[in-house]
Amino acid sequence: MNINEMLKQDYGLDDDQANTLQTELRDLEVFHENNFEDNKGFFKTFYNKFEETIAPYGFEKGDTKQIEALVNSLFLQGNFKILLSYVIPAFYQSGGDSDVFSETYTEMMNSY
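These lines cover the structure that appears in this document, whether it is placed above or below. (Residues numbered from 1 in each chain as written. Predicted model: local features only at pLDDT ≥ 70, side-chain atom pairs only at ≥ 80, totals over all residues. Heavy atoms only, no water.)

## Quick word on helix α1 (residues 3–11)
Residues spaced three or four apart along an α-helix point in a common direction, a consequence of the helix completing one turn every 3.6 residues.
Here comes step 1: When we look at burial in α1, the residues that qualify are Ile 3, Asn 4, Met 6 and Leu 7. Taken around the axis of α1, the buried residues stretch over an arc of 165°, which confines them to a single face.
Here comes step 2: Buried positions along α1 lie against α2 (15–35) and α4 (64–77).
Here comes step 3: Sitting at the head of α1, Asn 2 places a side-chain oxygen 2.9 Å from the backbone nitrogen of Asn 4. (Buried < 20%, exposed > 50% of the residue type's maximum accessible area, 1.4 Å probe, protein only. Helix = DSSP H or I, 4+ residues; strand = E, 2+ residues; numbered from the N terminus. Arc of directions from axis to C-beta. Contact = heavy atoms within 4.5 Å. Polar contact = N/O pair within 3.5 Å; in protein donor to acceptor, adjacent residues only side chain to side chain.)

So this is what it looks like as C-alpha cells:
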C-alpha cells in the first residue's frame, strides 16, 4: 500500500487531501531545515506547526493518541522518516510525554 492509499484507507482522506497533506509535510520538513535552532522555543514552535499542518485533515491538536497513530503510519511508509526525526524530538524537547511516540522513536533509532 502506498502513502496515498494509506491516508485514504486509514484516515478517510480523498486524493486531493492526501496529496496536499504530503506537500504540506514536505514544506514543514524544509521549514525545519531552513530555520532550525537548538532551543526549547524552536522545538515548541515546530511541533505546533506540525499539529497545525495535520489539523485540517481530522487530527485534533493535543490528541496525542490520534497523532501518534499517524506518525507511526508515516514512519512505516518510509516517505517521511526525516520529517519524523524532527517531529518526535521536537515533541520531547518541548516538554511532551516520553511515552508518546516511544515505539516509533525506538524503531527510528534502531533503523540508523
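There is more to say after this.
## What to know about the environment of Asp 14
Here comes step 1: Here Asp 14 lies in the loop between α1 and α2.
Here comes step 2: Since its relative accessible area comes to 41%, Asp 14 is described here as partly exposed.
Here comes step 3: Spatially, the C-alpha atoms of Asp 14 and Asn 4 are 8.6 Å apart, while their sequence positions differ by ten residues.
Here comes step 4: Of note is the side chain of Asp 14, whose polar atom sits 2.7 Å from the backbone nitrogen of Gln 17.

## Focus: the side chain of Glu 51
Here comes step 1: By secondary structure assignment, the location of Glu 51 is in helix α3 (residues 40–54).
Here comes step 2: As a buried residue without a salt bridge, Glu 51 has its nearest oppositely charged side chain in Lys 61, at a separation of 4.6 Å.
Here comes step 3: When sequence neighbours within four positions are dropped, the list of residues in contact with Glu 51 reads Lys 61, Gly 62 and Ile 67. (Lys, Arg positive; Asp, Glu negative; His and termini not counted. Salt bridge = Lys/Arg side-chain N within 4 Å of Asp/Glu carboxyl O.)

## Here's the deal with the pattern of salt bridges
Here comes step 1: Evaluation of the coordinates by the stated rule reveals two salt bridges.
Here comes step 2: Between Asp 15 and Lys 8 there is a salt bridge, with the nearest N and O atoms lying 2.9 Å from each other.
Here comes step 3: Given the relative accessible area of 41%, Asp 15 is considered partly exposed.

## With respect to the nonpolar core
Here comes step 1: Formed by 33 residues in total, the largest nonpolar core has its most connected members in Phe 50 and Phe 101.
Here comes step 2: Contributions of two or more residues to this core are made by α1, α2, α3, α4 and α5 (81–93).
Here comes step 3: In terms of residues, this core owes the most to one element, α5, which gives eight residues.
Here comes step 4: The residues touching Phe 101, leaving out its near neighbours within four places in the chain, are Tyr 47, Ile 67, Glu 68, Val 71, Ile 88, Phe 91 and Tyr 92. (Core = buried A, V, L, I, M, F, W, Y, C linked by side-chain atoms within 4.5 Å.)

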